[in-house]
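Coordinate inspection notes
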Amino acid sequence: MNRKQTLILTTTFTLISLFGFAQNFDINTLRDINLKRDKSLDGTFIFITNNASTLSISTPILIYSIGFINKDVDLKKKGIYMGETFLVNAFTTTALKYSINRDRPFVTYPDIDHKVEAGSSSFPSGHTSEAFSTATSISIAFPKWYVITPSFVWAGIVSYSRMDLGVHYPTDVFAGAIVGSGTAYICYKLNHWINKKSNKSIFFEGNNYNNLN
């Protein structure tokens, strides 16, 4: 066996070992969360997870509506930005789900006790990406601690509920958080770049926006 063949064989073995370790860590962590959960909290987590999408959709609509009623152009722009973020995140998450097509954990491991219905593929977590997309975009639009802290606490609880209820692996949730936060930040940067290129006022007027740059 020559040096090149040895390198290929070693690399392949290492990757297989790492994949096996990651998969074992994933399911073992999920079992610890799901099978050892406090079942008295099932109703609370089901409520949180079932209303996550409603809150993510209603937030930009509410902000835009308040801006429209008060004739506040800056507030309307923030609502539009959050709506754009929601749509970009939904498209990105759906594309990843159908591309990767990972089975739900309760399909692969029947001992997982899933408490809510889950239809599409598992990776990444759509509820998590929605929650973190909303939390990040509202934190960018309103960069105050009393907005940022509860937003991300809520997003974290939504994420945990998906594992507690047995419908997502930890890696699904982690990826969802990255996708959600990433799409919000990318939309923010794109809006800033587009407005700068067109010589219009910056996307968010006032000191709050300027302090982020």
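The preceding data block contains the structure.
These lines cover the structure that appears in this document, whether it is placed above or below. Note that the structure is a prediction, hence the values are computed from the model and not measured.

Quick word on the overall build of the chain
Secondary structure assignment for the chain yields eight helices and zero strands. Taking the contacts inside the chain whose residues are at least 6 apart along the sequence as the reference set, 76% of them involve residues at least 24 apart. For the chain, the computed accessible surface area is about 12,100 Å², with 66% contributed by carbon and sulfur atoms.

Comments concerning the packing of helix H5 (residues 126-141) against helix H6 (residues 145-164)
The geometry of H5 relative to H6 is characterised by a closest axis approach of 9 Å and an angle of 175° between their N-to-C directions. The angle between H5 and H6 falls in the class roughly antiparallel. Each of His127, Thr128, Ala131, Phe132, Thr134, Ala135, Thr136, Ile138 and Ser139 in H5 lies in contact with H6, whose residues at this interface are Val147, Ile148, Ser151, Phe152, Trp154, Ala155, Gly156, Val158, Ser159 and Arg162. Tallied by class, residues from the contact of H5 with H6 come to 10 nonpolar, eight polar and one charged.

Description of the packing of aromatic side chains
Summed over all chains, the structure comprises six aromatic pairs. Here Tyr109 and Tyr169 contribute two aromatic rings whose centre-to-centre distance is 6.5 Å and whose plane-to-plane angle is 85°, an arrangement assigned as edge-to-face. On the criterion of sequence distance, the pair formed by Tyr109 in the loop between helix H4 (105-108) and H5 and Tyr169 in the loop between H6 and helix H7 (170-197) is long-range, its members being 60 residues apart. Side by side, Tyr109 and Tyr169 carry an identical accessibility label, which is buried. Relative to Tyr146, the ring of Trp145 has its centre 5.8 Å away and its plane inclined at 80°; by these criteria the two rings are edge-to-face. Note on accessibility: Trp145 and Tyr146 belong to one class, exposed. When the ring centre of Tyr169 is taken as reference, the NZ or CZ atom of Arg102 above it lies at 3.9 Å.

Here's the deal with the nonpolar core
A general feature of soluble globular proteins is that nonpolar side chains tend to end up buried together. Residues Ile27, Leu30, Ile112, Trp154, Ala155 and Val158 are the most contacted members of the largest nonpolar core, which totals 23 residues. For this core, the element with the highest residue contribution is H6, accounting for four residues. What Trp154 contacts, discounting residues up to four positions off in sequence, is Ala52, Leu55, Ser56, Ala131 and Thr134. With 10 residues, the next largest nonpolar core counts Ile63, Tyr81, Val147 and Ala184 among its residues.

Remarks on the side chain of Asn89
Structurally, Asn89 is set in helix H3 (residues 73-100). The class of Asn89 is buried, set by a relative accessible area of 1%. In contact with Asn89, not counting residues within four places along its chain, are Ser129, Glu130, Ser133, Val179, Gly180 and Thr183.

Remarks on unusual backbone geometry
Between Phe123 and the following residue, Pro124, the backbone shows a cis peptide bond with an omega angle of -5°. Here Pro124 lies in the loop between H4 and H5. In this model, Lys71 sits at a positive phi of 55°, which is unusual for a non-glycine residue. Relative to the assigned elements, Lys71 resides in the loop between helix H2 (42-69) and H3. The exposure class assigned to Lys71 is exposed, which follows from its relative accessible area of 73%. For Asn101, which is not glycine, the phi torsion reads 55° and is therefore positive. The residue Asn101 is located in the loop between H3 and H4 in this model.

A short note on the pattern of salt bridges
This structure, assessed with the given rule, holds seven salt bridges. In this structure, the salt-bridge partner of Arg102 is Asp26, at a minimum N-O distance of 2.9 Å. Taken together, the positions of Arg102 in the loop between H3 and H4 and Asp26 in helix H1 (residues 3-35) put the pair 76 residues apart, joining distant regions of the chain. Put simply, Asp172 and Arg102 hold a salt bridge, and the shortest N to O gap is 2.8 Å. Placement of Asp172 in helix H7 and of Arg102 in the loop between H3 and H4 is noted, with a sequence separation of 70 residues between them.

Definitions and limits used
- Residues numbered from 1 in each chain as written.
- Predicted model: local features only at pLDDT ≥ 70, side-chain atom pairs only at ≥ 80, totals over all residues.
- Heavy atoms only, no water.
- Helix = DSSP H or I, 4+ residues; strand = E, 2+ residues; numbered from the N terminus.
- Contact = heavy atoms within 4.5 Å.
- Areas by Shrake-Rupley, 256 points an atom, 1.4 Å probe, with all protein chains shown as cover.
- Axes fitted to C-alpha atoms, helices over the stretch in contact; angles between N-to-C directions.
- Parallel < 35°, antiparallel > 145°, perpendicular 65-115°, else oblique.
- Nonpolar A, V, L, I, M, F, W, Y, C, P; charged D, E, K, R; others polar.
- Phe/Tyr/Trp six-rings, centres within 6.5 Å; stacked < 30°, edge-to-face > 60°.
- Buried < 20%, exposed > 50% of the residue type's maximum accessible area, 1.4 Å probe, protein only.
- Lys NZ or Arg CZ within 6 Å of the ring centre and 35° of its normal.
- Core = buried A, V, L, I, M, F, W, Y, C linked by side-chain atoms within 4.5 Å.
- Salt bridge = Lys/Arg side-chain N within 4 Å of Asp/Glu carboxyl O.

Nothing here speaks to function; it is geometry throughout.
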